[in-house]
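Residues per chain are reported as follows:
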Amino acid sequence: MDFIDLKSQYAALRDNINARIQKVLDHGQYILGPEVREMEEALAAYTGAKHCISVASGTEALLICLMALELRPGDEVITSPFTFAATAEMIVLAGGVPVFVDIEPGTANLDATLIEAAITAKTRAIMPVSLYGQVADMDAINAIAARHGLAVIEDAAQSFGATYYGAPAPPSAAAAPRGGSPALGRPGGERGRKSCNLSTFGCTSFFPSKPLGCYGDGGAIFTSDDALAQACREIRTHGQSQRYLHTRVGVGGRMDTLQCAVVLGKLERFEWEVSRRLALGEAYGAKLKAAVPGLQLLQVKADRDCVWAQYTVFVDDREAVQARLKAAGIPTAVHYPRPLHHQPAYARYAAADACPHSLAAAARVLSLPMSADLTEAQQDQVVAALAAALG
Ligand SMILES: *Cc1c(COP(=O)(O)O)cnc(C)c1O
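For clarity, every value in this text was computed on a predicted model and none was experimentally measured.

Around the ligand, 16 residues are found, and the nearest of them are G58, T59, D155, S205 and K210. Between the ligand and the protein, one listed contact pairs a nitrogen atom with a side-chain N or O atom of D155 at 2.8 Å. The side chain of K210 places a nitrogen or oxygen atom 2.6 Å from an oxygen atom of the ligand. Protein chains bury 93% of the 380 Å² of accessible surface belonging to the ligand in isolation. When contributions to the shell around the ligand are tallied by element, the ones reaching two or more residues are α3 (58-68) and α4 (86-93). Across the shell around the ligand, the residue classes tally to six nonpolar, eight polar and two charged.

Here it is as structure tokens:
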């Protein structure tokens, strides 16, 4: 069993992806070719954001947004320490200071109720991470940001395709008839908003194992702010506002035309993949509850879904459990074993005993095999093996 089954996905999409790659080889516009714009337009339409700017990776997306905000040295960006290193890494690289705020123990996402106490005169932005494919309390975070004049950057590397409904509409509005496409609506007509279109910026990654992946590195920035979108486009290509006119300092941060062609090919069944991920996540929850009573599952809040970039549970004695699963032929992974304030490069930004929920999660999280092509039989095998490993 593969931890993430990309082979079945390719088998299903082979003709489309191969044809799109061949088309790029034939027209030869490897940099900023027509597929780049086509993908950006398709993804902007999917998320509902006004602009999509494709970039070289999810990491580059974070960097370019922070550069567009023109951080001054010492400016602070509030984020979670329970994330992949790139989140804090790009804050530092952009000249900022990461300020770590703890997670909620249930969702492992940034705890919005702790943010306001961390805001200082130097705070410029809040960077919540949509960990495992579930967005944080974005309505609350956006409200705090609005009160303090801050930007919000969603690190949506793991959550492309996820939906957020947010606070329920007031009764009067709820009573009014509402339309909405079935793809975006819940039964009853309640409309959701997509991850990447929830704040000043949304940044995603097309690293192969993410919910929407390419066959190498790629990423995208989403925003509905025209000026910030223009800044990101310029920064992506060495700060050029026109050819050989370098208006600002930028980077070489473009996404290859070939990788955009791969993403376009994958969009053919992306909506199916998202619904399959949601169904597999629910099935994992139900099966694990029955087979492993007392197992702590990730909490998915009622007003949002989770696209399960990782299907992650919490266990004690993790290494022994992983070894038993490995012996049973079940691959697992840990996202992530150390919070960033316990990494040598970022330890200076918080006390060692800060963010206790992040420390506890890092010691206990375990990710199980997950992808849209995981079969029911494979899932049953994983659940049985985990029950045996814990029993
Ligand atoms: C994968 C990931 C990134 C980085 O994306 P790349 O495309 O690999 O650069 C950033 N943040 C989070 C939370 C991620 O999971």
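Quick look at the packing of aromatic side chains now. For the structure shown, the criterion picks out eight aromatic pairs. Consider the rings of W308 and Y311, whose centres lie 4.5 Å apart with planes at 40°: the pair is tilted.

Here the protein chain is partitioned into domain 1 (6-267) and domain 2 (270-389). Each of domain 1 and domain 2 was reduced to a C-alpha centroid, and the two centroids are 23 Å apart. Each partner contributes residues to the interface: domain 1 has 44 residues there, and domain 2 has 38 residues. Put simply, domain 1 and domain 2 have three salt bridges between them. E104 is paired through a salt bridge with K301; the nearest N and O atoms lie 2.8 Å apart. The interface formed by domain 1 and domain 2 includes 23 residue pairs in polar contact (both at pLDDT 80 or more). Elements with a minimum of two residues in the side of domain 1 that touches domain 2: α1 (6-27), α4, β3 (97-100) and β6 (163-164). Grouping the constituent residues of the side of domain 1 that touches domain 2 by class yields 26 nonpolar, twelve polar and six charged.

As summarised here, the arrangement of the three strands in space is β12-β13-β14, forming an open sheet in which the pairing is antiparallel. Here the strands that pair on one side only, and so sit at the sheet edges, are β12 (296-297) and β14 (365-368). Examined bridge by bridge, β12 and strand β13 (residues 311-314) share two bridges and lie antiparallel to one another. Its bridge partner lying in β13, L297 is registered against V313. Contacts from helix α9 (residues 270-291) reach β12, β13 and β14, with the element oriented near 25° to β13.

Along the chain, D155 falls in strand β5 (residues 151-155). It turns out D155 is buried and unbridged, and the closest side chain with the opposite charge, K210, is 6.8 Å from it. A distance of 2.9 Å separates polar atoms of two side chains, one belonging to D155 and the other to T87. Within the structure, D155 has its side chain in polar contact with the backbone nitrogen of A157 (distance 3.2 Å). Those residues in contact with D155 that lie beyond four places of it in its chain are L62, T83, T87, P128, V129, S130 and C203.

The rules we used
- Residues numbered from 1 in each chain as written.
- Predicted model: local features only at pLDDT ≥ 70, side-chain atom pairs only at ≥ 80, totals over all residues.
- Heavy atoms only, no water.
- Near = heavy atom within 4 Å.
- Polar contact = N/O pair within 3.5 Å; in protein donor to acceptor, adjacent residues only side chain to side chain.
- Areas by Shrake-Rupley, 256 points an atom, 1.4 Å probe, with all protein chains shown as cover.
- Helix = DSSP H or I, 4+ residues; strand = E, 2+ residues; numbered from the N terminus.
- Nonpolar A, V, L, I, M, F, W, Y, C, P; charged D, E, K, R; others polar.
- Phe/Tyr/Trp six-rings, centres within 6.5 Å; stacked < 30°, edge-to-face > 60°.
- Domains from an automatic or database assignment.
- Contact = heavy atoms within 4.5 Å.
- Salt bridge = Lys/Arg side-chain N within 4 Å of Asp/Glu carboxyl O.
- Pairing = 2+ DSSP bridges.
- Axes fitted to C-alpha atoms, helices over the stretch in contact; angles between N-to-C directions.
- Buried < 20%, exposed > 50% of the residue type's maximum accessible area, 1.4 Å probe, protein only.
- Lys, Arg positive; Asp, Glu negative; His and termini not counted.

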